[in-house]
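What the coordinates show
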Amino acid sequence: MNIRDGRCLDVSGNKDTEGREVIVNNRQDSANQRWRVVYVDKAKKEPTKGLNKEFGMWVNRPFYMVARLPFHRVMEAISANNIVIKRWRKNVTAQQFFFDGVSKTIRSQQWKNYALEKKSNGNSANLGMSSTVTSRWW
Amino acid sequence: MFRYVNNSTLTNDHGTVMSINGNLDLENRNVDMQDIKNGNTTINQEWDLVYVDQYPDEPKKGEMNNQFGLVVQRPFHIISEMGEQRYLSALASNV
């Protein structure tokens, strides 16, 4: 808080999105104005392995997403724009994904810079991938 | 941001879940994000997350395929349980 005018740091628009601007605003004591100071020497590192209970996935451990429809096909990334179901094929990394514990995204094992996201063009609800960090979409 | 919830759905922060489009179990069918209707998921919205190091190999010749209940590449007859116990015969494309 600025002790001169009582205004404080505020996440603009109360939107918890990557790259969101921080502004100085009148105090409202809302969650977007509350901060925790963590000293670097005390900061917890993001785990690079093990189960992340909040997200229900193991960190950095490749997995298949297997449909429960009768054929038990698995998700496959056929391009950045398209995720489809296909029959499981051994060692096909386009069918493998992993949970990245730092960005909290599900990433392709074949294209590791790409994370799953809902495509936002038009009314499409298609699942696709993006290479931007904002794949932590809301 | 996705969470794997109740060992069945991959849910985002809007509460929509990964779903197989049109509930069709077909090769190359798109996956999209859909709402959960009346709080109940449908089977096309449910997934098993199987880690690669735990994924079972496809059964080989002579091994039982538990998914389909048949032994792989092992010839068999299909016999009617009616009185005469007739065998299924393939006559060209007709059975």
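Thresholds, definitions, all that
Residues numbered from 1 in each chain as written. Chains lettered and ligands numbered in written order. Predicted model: local features only at pLDDT ≥ 70, side-chain atom pairs only at ≥ 80, totals over all residues. Helix = DSSP H or I, 4+ residues; strand = E, 2+ residues; numbered from the N terminus. Rg over C-alpha atoms; globule rule 2.2 N^0.38 Å. Buried ≥ 20, exposed ≤ 12 C-beta atoms within 10 Å, placed from the backbone. Contact = placed C-beta atoms within 7 Å. Core = buried A, V, L, I, M, F, W, Y, C linked by C-beta atoms within 7 Å. Domains from an automatic or database assignment. Nonpolar A, V, L, I, M, F, W, Y, C, P; charged D, E, K, R; others polar. Pairing = 2+ DSSP bridges. pLDDT = per-residue confidence, 0-100.

Right, let's get into the overall build of chain B. For chain B, the count of helices and strands is zero helices and seven strands. For chain B, the α and β elements follow one another from N to C terminus as β-β-β-β-β-β-β. In summary, chain B has a C-alpha radius of gyration of 20 Å against a globular reference of 12 Å for 95 residues, an excess of more than 25%. Referenced to the eigenvectors of the C-alpha coordinate spread, the extents of chain B come out at roughly 60 × 30 × 25 Å.

As a further point, take the overall build of chain A. The helix and strand tally for chain A stands at zero helices and eleven strands. Helices and strands in chain A line up, N terminus first, as β-β-β-β-β-β-β-β-β-β-β. Its C-alpha atoms give chain A a radius of gyration of 20 Å, more than 25% over the compact-globule value 14 Å for 138 residues. Principal axes of the C-alpha set define a box for chain A whose edges measure 65 × 40 × 25 Å. By residue count, 23% of the 138 residues in chain A fall in the buried class. Contacts in chain A between residues far apart in sequence, at least 24 positions, make up 34% of those at least 6 positions apart.

Once that is clear, we can look at the nonpolar core. In this structure, A:Met65, A:Ile83, A:Ile85, A:Leu116, B:Leu10, B:Met18 and B:Val31 are the most contacted members of the largest nonpolar core, which totals 29 residues. Of all the secondary structure elements, the ones that give two or more residues to this core are β5 (63-67), β6 (74-79), β7 (82-86), β8 (97-100), β10 (115-118) and β11 (127-130) of chain A together with β3 (17-20) and β4 (29-34) of chain B. In terms of residue count, the dominant contributor to this core is β5(A) (four residues). The contacts of A:Ile85, once residues within four sequence positions are left out, are A:Ala67, A:Arg73, A:Val74, A:Met75, B:Ile20, B:Arg29 and B:Val31.

The next point concerns the domain arrangement of chain A. Splitting chain A by domain gives domain 1 (1-44) and domain 2 (45-138). Its C-alpha centre places domain 1 of chain A at a distance of 31 Å from the equivalent point of domain 2 of chain A.

Residues and elements named next belong to chain B. Within the secondary structure, Thr11 is located in strand β2 (residues 9-11). Since 21 C-beta atoms lie within 10 Å of it, Thr11 is described here as buried. In sequence terms Thr11 and Trp47 are 36 residues apart; their C-alpha atoms lie 11 Å from each other. Sequence-distant contacts of Thr11, that is, excluding residues within four places in its chain, are made with Phe2, Arg3, Val5 and Val17.

Here the focus is the interface of chain A and chain B. On the side of chain B, 30 residues touch chain A, which itself brings 35 residues to the contact. Breaking the side of chain A that touches chain B down by element, the ones donating at least two residues are β4 (57-58), β5, β7, β9 (105-108) and β10 of chain A. By residue class, the composition of the side of chain A that touches chain B is 22 nonpolar, six polar and seven charged. The pairing of β7(A) with β4(B) spans two bridges and is classified as antiparallel. Its bridge partner lying in β4(B), A:Val84 is registered against B:Asn30.

Considering the arrangement of structural elements, one finds B:Ala90 in the segment after β7 (70-71). Residues B:Ala90 and B:Asn65 lie 25 residues apart in sequence; the distance between their C-alpha atoms is 24 Å.

Caution is warranted with low-pLDDT regions, since their predicted coordinates should not be read in detail. On average, residues of chain B score 92 in pLDDT, and 100% of them are at 70 or above. For this predicted complex, the interface confidence reaches an ipTM of 0.79, while the overall pTM sits at 0.75.

The subject of this paragraph is unusual backbone geometry. Positive phi values are uncommon outside glycine, yet A:Asp29 reaches one of about 60 degrees. Turning to its location among the elements, A:Asp29 is positioned in the loop between β2 (22-25) and β3 (51-52). Taking the number of C-beta atoms within 10 Å as the measure of exposure, A:Asp29 has 7 and is therefore exposed. Positive phi, normally seen in glycine, also occurs at B:Asn7, with a value near 50 degrees. Positionally, B:Asn7 belongs in the loop between β1 (3-5) and β2.

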